[in-house]
Amino acid sequence: MRHSASLTVLLALLGTAPAALAGAPSATPGPLEKISIVESSNLKLDDRYRTLKLPESPDSPELRQLREHVLKQVDLSRRSDPEVILAALEWVSIQWDHDGMNEPAPGTSSYQILQNVKQGQRYRCVEYGTVVSDLLLSLGYPSRPLGIMTADPAYGGFGQSHVASEVWSNTLDKWIFIDPQFSMAATYQGRYLSFHEMYQLKREGRFGEIRFTPSPRYLERHKKTPEELDTQYREFIGRYFGYMNIPYLRDGKKATLVLPLEGKGQFATFQGFHADGLLFTDDPRELYFPLNHTQVLFTYNNARRPIDLIQEHGITTEQEFLNKRPLFAARPDYTLTLQHGMPWFAHYELRVDGGEWRRVPGDTVPLKLHAGLNTLEVRAVNRAGAAGPINRMKIRYAADP
């Protein structure tokens, strides 16, 4: 019995000697129907979301109290992302006027800060960042206070840092920068930016091309034109591209993760005061990673071992293997296993060929693809009802034209 070299290798990999092949005749094969991935965002999940310092639930007592208080005053629940983020930004920005020296007592909640504001209290940028981040967390949007610093935070004078916020947008599939002290977001060519993207544009000499757009109610409150505030804010924020930092959690230990930008090296103090728990990185990906994504594992149902199929069809040469492949080629009859990278996960949803989203009971679902082009979409939904980015795959099942 003679075999081509490549078929012999195939048989060896399958663990079968040529002499073991059966010689049974098989039916005349038709055209080979192939399963082809035309388009896919089905990529390995990033688990760095576990380093985010987030509450256990968006419905914790403190966050629920804050959410219920705010929703009585402004309609946020029926807005879509990113509009809900910008609406929350605007609302927080007009609650009080900035006071850089008034720090609340340790443990003061965002709800209590707002209650104190009603009594005439005013607070720092830190409290703007904390309140807007907590409000967005209560609505199901992972967010974090963002510390930004000059190039000399260790022993410079007052004002060496500023606190803004960043929030994960499911629709935009990215972190976006917001500054609630000024009701400000940043865009470039119509695209919302993260703070690190702002830094990259500044480094490339395109800082002047970034658009800083405050909300109308903030402008009205402060009696400024958009042009005046743009000029003021551009000069202000331009000082703070030395370092950036975010809260960081690993193995239950809290830290502050610092990324040098225009600043050089590490530092151990802040404005001459103590600075606890500083952890430095030179990799922006440690601060910027995707959230709320879903990955899909495909398992073929009723699949048989390749060597059994080769023996059944009496294949002895590579040409026979190619000629008879339509008889045993894989059919797209699957069990899908879904996995997520979402804080506060609740359930998965599936949509096929642009139909209705349907909830998946558990984390597996059967699916048979039809002839032609199939569009499969999956997403995770959290306990606040916010749906994550869509993982979309287009798969064709057809013979070559």
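Remember, it's a predicted structure, so these values are computed and weren't measured experimentally. (Residues numbered from 1 in each chain as written. Predicted model: local features only at pLDDT ≥ 70, side-chain atom pairs only at ≥ 80, totals over all residues. Heavy atoms only, no water.)

1. Observations regarding the overall build of the chain
As a reminder, the rule being used: The way it works is that DSSP assigns letters per residue, a run of H or I at least four long becomes a helix, a run of E at least two long becomes a strand, and they are numbered from the N terminus. For every residue, the accessible area (1.4 Å probe, protein chains only) is compared with the maximum for its type, and the residue is labelled buried under 20%, exposed over 50%, or partly exposed between those bounds. Contacts were defined at the residue level, with two residues in contact if any of their heavy atoms lie within 4.5 Å. To be clear on the numbers: accessible area is Shrake-Rupley with a 1.4 Å probe, and residue cover counts the displayed protein chains and nothing else.
Per the secondary structure count, the chain includes ten helices and 19 strands. The buried share among the 401 residues of the chain stands at 46%. If you take every contact in the chain between residues at least 6 apart in sequence, the share linking residues at least 24 apart comes to 67%. Total accessible area on the chain stands at roughly 20,400 Å², and carbon and sulfur atoms take up 50% of it.

2. Focus: the confidence of the model for the chain
Threshold: The pLDDT value expresses, per residue, how confident the predictor is, ranging between 0 and 100.
For the chain, the average pLDDT comes to 92, and 93% of its residues sit at 70 or higher. Counting contacts from residues 1–26, a segment whose pLDDT is below 50, to residues more than four positions away or on other chains yields 40 contacts.

3. Section: the pattern of salt bridges
The criterion, for reference: Note on definitions: salt bridges are taken to be side-chain nitrogens of Lys or Arg within 4 Å of carboxyl oxygens of Asp or Glu.
Across all of its chains, the model carries 21 salt bridges by this definition. Salt-bridge contacts for Arg48 lead to Glu286; the nearest nitrogen and oxygen are separated by 3.8 Å. Taken as a pair, Arg48 in the loop between strand S1 (33–40) and helix H2 (61–71) and Glu286 in the loop between strand S12 (278–280) and strand S13 (294–300) lie far apart in primary sequence, 238 residues in all. Among the salt bridges present, the one from Asp97 reaches Arg221, with a minimum N-O distance of 3.3 Å.

4. A closer look at the packing of aromatic side chains
Quick note on the threshold: Stacked, tilted and edge-to-face are the three classes applied to pairs of Phe, Tyr and Trp rings, where Trp contributes its six-membered ring and a pair requires centres within 6.5 Å; stacked means planes under 30 degrees apart, edge-to-face means over 60, and tilted covers the rest. We call a charge positioned above a ring when the Lys NZ or Arg CZ atom is no farther than 6 Å from the ring centre and deviates by at most 35 degrees from the ring normal.
In this structure the tally under the stated criterion is 19 aromatic pairs. A network of ring pairs unites the aromatic residues Phe177, Phe182, Phe195, Phe207, Phe212, Tyr233, Phe236, Tyr240 and Phe241 as a single cluster. Lying across the ring of Phe207, Arg234 places its NZ or CZ 5.6 Å from the centre. One residue, Arg379, lies across the ring of Trp357, its end atom 3.9 Å from the ring centre.

5. With respect to the pairing of strand S4 (residues 174–179)
The test is simple: In this scheme, strands are said to pair when DSSP sees at least two bridges between them.
Among the six residues of S4, six are classified as buried, and the element is accordingly described as predominantly covered. The alternating pattern of S4 places Lys174, Ile176 and Ile178 and Trp175, Phe177 and Asp179 on opposite faces, both of which are buried. Relative to S4, strand S3 (residues 161–169) is paired through five bridges, and the arrangement is antiparallel. Note on S4: the bridge partner recorded for Val167 is Ile176. Count of turn residues in the S3/S4 antiparallel hairpin: four residues, of which Asp173 carries a positive phi of about 60 degrees. Here S4 pairs with strand S5 (residues 184–188) via two bridges, running antiparallel. In the sheet register, Asp179 faces S5, and the bridge partner there is Met184. With antiparallel pairing between neighbouring strands as the criterion, S4 and S5 make up a hairpin whose turn holds four residues, including Ser183 at a positive phi of roughly 55 degrees.

6. Observations concerning the side chain of Gln160
Inspection of the secondary structure puts Gln160 in the loop between strand S2 (143–149) and S3. Those residues in contact with Gln160, other than ones at most four positions away along the chain, are Ile148, Met149, Thr150, Asp152, Pro153, Arg239, Tyr240, Phe270 and Gln271.

7. Let's talk about the sheet that holds strand S14 (residues 333–340)
How we decide: The axes used here are C-alpha line fits, helices contributing only the stretch in contact, and every angle between their N-to-C directions lies in the interval 0 to 180 degrees.
Taken together, three strands build an open sheet; the order of strands is S13-S14-S17 and the sheet is antiparallel. A single partner strand is all that each edge strand has here, and the edge strands are S13 and strand S17 (364–368). Sheet twist, expressed as the average angle between the axes of neighbouring strands with direction ignored, equals 30 degrees.

8. Observations concerning the packing of helix H3 (residues 83–93) against helix H5 (residues 125–138)
Rule in force here: These descriptions rest on fixed angle ranges, namely under 35 degrees for roughly parallel, over 145 for roughly antiparallel, 65 to 115 for roughly perpendicular, and the rest for oblique. Rotating anticlockwise by less than a right angle from the far helix to the near helix defines a left-handed crossing, while the corresponding clockwise rotation defines a right-handed one. Amino acids outside the nonpolar list (Ala, Val, Leu, Ile, Met, Phe, Trp, Tyr, Cys, Pro) and the charged list (Asp, Glu, Lys, Arg) are all regarded as polar, and Gly is one of them.
Where H3 contacts H5, the two axes come as close as 10 Å, and the packing angle between them is 140 degrees. Between H3 and H5, the angle is such that the two are oblique. The way H3 lies across H5 gives a crossing that is right-handed. Every residue of H5 that contacts H3 at Val84, Ile85, Ala88, Leu89, Trp91, Val92 and Ser93 is listed here: Tyr128, Val131, Val132, Leu135 and Leu136. The residue inventory of the contact of H3 with H5, partitioned by class, reads eleven nonpolar, one polar and no charged.

9. Comments concerning the sheet that holds S1
Pairing is antiparallel in the open sheet, where five strands are placed in the order S1-S19-S18-S15-S16. Both outer strands of the open sheet, S1 and strand S16 (358–360), are each paired with one neighbouring strand and no more. The sheet shows a mean angle of 30 degrees between the axes of neighbouring strands, taken without regard to direction. Taken together, the three bridges between strand S15 (residues 345–352) and S16 define a ladder with antiparallel strand orientation. Looking at the pairing, Tyr348 lines up with Val360 of S16.

10. Things to note about H3
Burial analysis of H3 places nine of its eleven residues in the buried class, which makes it a mostly covered element. Where H3 is concerned, the buried positions are Val84, Ile85, Ala87, Ala88, Leu89, Glu90, Trp91, Val92 and Ser93.

11. Regarding the environment of Ser194
Along the chain, the position of Ser194 falls in the loop between strand S6 (191–192) and helix H6 (195–203). By relative accessible area, which is 4% here, Ser194 ends up buried. C-alpha of Ser194 to C-alpha of Tyr248: the two residues are 54 residues apart in sequence and 18 Å apart in space. Those residues in contact with Ser194, other than ones at most four positions away along the chain, are Glu166, Lys174, Trp175, Ile176, Phe177 and Tyr288.

12. A few points about unusual backbone geometry
The omega torsion of the bond from Asp81 to Pro82 falls at 10 degrees, within 30 degrees of zero and hence cis. On the secondary structure map, Pro82 appears in the loop between H2 and H3. Its identity is not glycine, yet Asp251 carries a phi of approximately 50 degrees, on the positive side. Mapped onto the elements, Asp251 comes out in the loop between strand S8 (243–250) and strand S9 (253–260). Judged by relative accessible area, Asp251 falls into the exposed class, the value being 70%. Phi angles above zero are rare outside glycine, and Gln271 is one such case at about 55 degrees. When you line up the elements, Gln271 lands in the loop between strand S10 (269–270) and strand S11 (273–274).

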